[in-house]
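Given next are the chains, with one letter for each unit.
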Amino acid sequence: MKNITNHKRTFLPGIALLAILMISFSCSKSSNAYMNPATNTTGGSTGPGANEVFIQGMAFVPAIISVAAGTTITWTNKDAIGHTITSNDNLFNSGTLGSGKSFTFTFAKAGSYGYYCAIHPTMTATVTVN
Ligand SMILES: [Cu+2]
């Protein structure tokens, strides 16, 4: 009999502690969801420089770049996934460019050079050489 009453006394605070743990767990979950949009807006602090194209957020940035003949363009993959820089007319092709990797190509002649990502063909852009 003594054992049963002792067990009840320790069991109730045990439930209260479990309830507190569950509440604090659900609170931390919701605060994380609240913080996600804030961390997204701070991503990508510096943009591409002159003669430079970023592959960022499943897009070429800038999508249209104008340079003088003889200019070397540098593409840098800022995404976490691989992309390609593939010329529409097979003038250049980076192959799969991993995250953080760069590719360069020198445009000798004036013209409009369309290119795309072979992995994600909806990603298209143009280099205009004057
Ligand atoms: Cu891609």
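Residues numbered from 1 in each chain as written. Predicted model: local features only at pLDDT ≥ 70, side-chain atom pairs only at ≥ 80, totals over all residues.

Engineer: Mind laying out the overall build of the chain, listing which residues take part and the relevant values?
Structural biologist: Per the secondary structure count, the chain includes one helix and eight strands. In the chain, the succession of α and β elements from N to C terminus is α-β-β-β-β-β-β-β-β. Of all intrachain contacts in the chain linking residues separated by at least 6 positions in sequence, the fraction that spans at least 24 positions is 45%. (Helix = DSSP H or I, 4+ residues; strand = E, 2+ residues; numbered from the N terminus. Contact = placed C-beta atoms within 7 Å.)

Engineer: Any details on the sheet that holds strand 7 (residues 111-116)? Residues and values, ideally.
Structural biologist: An order of 3-8-7-5 is seen for the four strands of this open sheet, with the pairing classed as mixed. If you trace the sheet from one side to the other, it starts and ends with strand 3 (64-67) and strand 5 (86-87), each paired once. (Pairing = 2+ DSSP bridges.)

Engineer: Give a detailed account of the confidence of the model for the chain, specifying residues and quantitative values.
Structural biologist: A residue-level look at the chain finds 65% of positions with pLDDT of 70 or above and a mean pLDDT of 79. Scored below 50 in pLDDT, residues 1-7 makes zero contacts in the model with residues more than four places away or belonging to other chains. Taken together, the stretch residues 12-44 has pLDDT below 50 and engages in two contacts with residues farther than four places along the chain or on a different chain. (pLDDT = per-residue confidence, 0-100.)

Engineer: Can you tell me about the sheet that holds strand 2 (residues 60-61), naming the residues and giving the values?
Structural biologist: Ordered by their spatial adjacency, four strands build an open sheet running 2-1-4-6, and the pairing between neighbours is mixed. Each end of this open sheet is capped by a strand with a single partner; those strands are strand 2 and strand 6 (102-107). Relative to strand 2, strand 1 (residues 52-55) runs antiparallel, the two sharing two bridges. Pairing of Ile-55 across the sheet is with Phe-60, part of strand 2.

Engineer: Mind laying out the pairing of strand 7, listing which residues take part and the relevant values?
Structural biologist: In the sheet, strand 5 pairs with strand 7 via two bridges, with the strands oriented antiparallel. Counterpart to Thr-86 in the pairing with strand 7 is Tyr-116. Note: strand 7 against strand 8 (residues 124-129), six bridges, orientation antiparallel. Each bridged residue has a counterpart across the sheet, and for Tyr-116 the counterpart in strand 8 is Thr-124.

Engineer: A description of the nonpolar core should follow, citing residues and the corresponding values.
Structural biologist: Residues Val-53, Phe-54, Ile-55, Phe-60, Ile-65, Trp-75, Ile-85, Leu-97, Phe-107, Tyr-115, Ala-125 and Val-127 constitute the largest nonpolar core, which totals twelve residues. Contributions of two or more residues to this core are made by strand 1 and strand 8. Looking at which element gives the most residues to this core, the answer is strand 1, with three residues. Setting aside chain neighbours within four positions, we find Leu-97 in contact with Asn-77, Gly-82, His-83, Thr-84, Ile-85 and Phe-103. (Core = buried A, V, L, I, M, F, W, Y, C linked by C-beta atoms within 7 Å. Buried ≥ 20, exposed ≤ 12 C-beta atoms within 10 Å, placed from the backbone.)

Engineer: Describe the environment of Thr-84, naming the residues involved and giving the relevant values.
Structural biologist: Here Thr-84 shows up in the loop between strand 4 (71-77) and strand 5. Owing to 21 C-beta atoms within 10 Å, Thr-84 belongs among the buried residues under this scheme. Considering only alpha carbons, one finds Thr-84 and Leu-97, 13 residues apart in sequence, at a separation of 5.6 Å. Here Thr-84 is in contact with Asn-93, Ser-94, Gly-95, Thr-96, Leu-97, Cys-117, Ala-118 and Ile-119, once residues within four sequence places are set aside.

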